[in-house]
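# Examining the three-dimensional arrangement
Chain residues, written in single-letter form:
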Amino acid sequence: MPRSSVAFTREPVDIEALTSAVSAVLTPEELAATPAEIRPLDDGAAAQVLIADRVVLTVLRPRLTPPAAELARVYGAVEVAPDARWSTDCFTTWEPEGVIGVRLLEAAAAARGGMAAHLG
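Since we're looking at a predicted model, the values are computed, not measured. (Residues numbered from 1 in each chain as written. Predicted model: local features only at pLDDT ≥ 70, side-chain atom pairs only at ≥ 80, totals over all residues. Heavy atoms only, no water.)

## A look at the packing of aromatic side chains
Counting across every chain of the model gives one aromatic pair. Consider the rings of Phe 8 and Tyr 75, whose centres lie 5.5 Å apart with planes at 85 degrees: the pair is edge-to-face. Note that Phe 8 is positioned in strand β1 (residues 3-9) and Tyr 75 in helix α3 (residues 68-75), a separation of 67 residues in sequence. By relative accessible area, which is 2% here, Phe 8 ends up buried. The buried category is assigned to Tyr 75, whose relative accessible area is 15%. For Arg 3, the ring lying beneath its charged end belongs to Trp 94, and the centroid distance is 4.3 Å. (Phe/Tyr/Trp six-rings, centres within 6.5 Å; stacked < 30°, edge-to-face > 60°. Helix = DSSP H or I, 4+ residues; strand = E, 2+ residues; numbered from the N terminus. Buried < 20%, exposed > 50% of the residue type's maximum accessible area, 1.4 Å probe, protein only. Lys NZ or Arg CZ within 6 Å of the ring centre and 35° of its normal.)

If you want it as structure tokens, here you go:
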């Protein structure tokens, strides 16, 4: 079972944000030594980040953030900034390489003016 997270951001998390996150999280030496790929799936319904041929992060298509009452009902005590217009469901593995997926998600969310909530 994957680890589930949601990014709440001012701008949608997209391929460009994921590309920037890879460059921000991995050092130039790591990038030179480790194959990294971002691939869109199902006509843009999702994107996957692969590091050394292992999927470390899957990001679904962003959608508009629901109203505050719905946020509270679905996500409980997660604090979402009032200007977070977009929410993006994301998944990483519980295996060790999932840690890099979490770091990539956090970097992509920050680049889009938001944060990631890790749900378990």
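## Focus: the nonpolar core
The biggest cluster of nonpolar side chains holds 21 residues, and the ones touching the most others in it are Val 13, Leu 18, Val 49, Val 56, Leu 57 and Leu 104. Put simply, the parts of the chain that give this core at least two residues each are α1 (15-25), β3 (46-51), β4 (54-60) and α4 (98-111). Counting six residues, the second-largest nonpolar core is a separate cluster that includes Val 6, Phe 8, Tyr 75 and Ala 84. (Core = buried A, V, L, I, M, F, W, Y, C linked by side-chain atoms within 4.5 Å.)

## Observations regarding the environment of Ser 4
Mapped onto the fold, Ser 4 is located in strand β1. For the pair Ser 4 and Leu 71, spaced 67 residues apart in sequence, the C-alpha to C-alpha distance is 16 Å. In this structure Ser 4 touches Cys 90, Phe 91, Ala 117, His 118, Leu 119 and Gly 120, once residues within four positions along its chain are discounted. (Contact = heavy atoms within 4.5 Å.)

## A few points about the pattern of salt bridges
Proximity of charged atoms lets side chains of opposite charge pair with each other. This structure, assessed with the given rule, holds seven salt bridges. Among the salt bridges present, the one from Glu 16 reaches Arg 112, with a minimum N-O distance of 3.7 Å. Placement of the pair is Glu 16 in helix α1 and Arg 112 in the loop between α4 and β7 (115-118), with a sequence separation of 96 residues. The shortest N-O distance in the salt bridge between Arg 63 and Asp 89 comes to 3.0 Å. Taken together, the residues Arg 63 in strand β5 (residues 63-64) and Asp 89 in strand β6 (residues 86-92) connect sequence positions 26 residues apart. In this structure Arg 63 comes out as partly exposed when scored by relative accessible area, which is 33%. Residues joined by salt bridges that share partners form a network here, namely Asp 14, Glu 16 and Arg 112. (Salt bridge = Lys/Arg side-chain N within 4 Å of Asp/Glu carboxyl O.)

## Section: the side chain of Thr 88
Note that Thr 88 resides in strand β6. If we skip the residues at most four places from it in the chain, Thr 88 touches Ser 5, Val 6, Ala 7, Val 13, Val 59, Leu 60 and Pro 62.

## A few points about the pairing of β3
Along β3, six of the six residues are buried, which leaves the element largely enclosed by surrounding structure. A two-sided burial pattern is seen for β3, the buried positions comprising Ala 46, Gln 48 and Leu 50 on one face and Ala 47, Val 49 and Ile 51 on the other. Pairing analysis gives six bridges linking strand β2 (residues 36-41) to β3, with the strands arranged antiparallel. By the bridge assignment for β3, Ala 36 is matched with Ile 51. From the end of β2 to the start of β3, which pair antiparallel, there are four residues, and Asp 42 there has a positive phi angle of about 50 degrees. Relative to β4, β3 is paired through six bridges, and the arrangement is antiparallel. Looking at the pairing, Ile 51 lines up with Arg 54 of β4. Between β3 and β4, which pair antiparallel one after the other, the connecting turn spans two residues, and Ala 52 there sits at a positive phi close to 50 degrees. (Pairing = 2+ DSSP bridges.)

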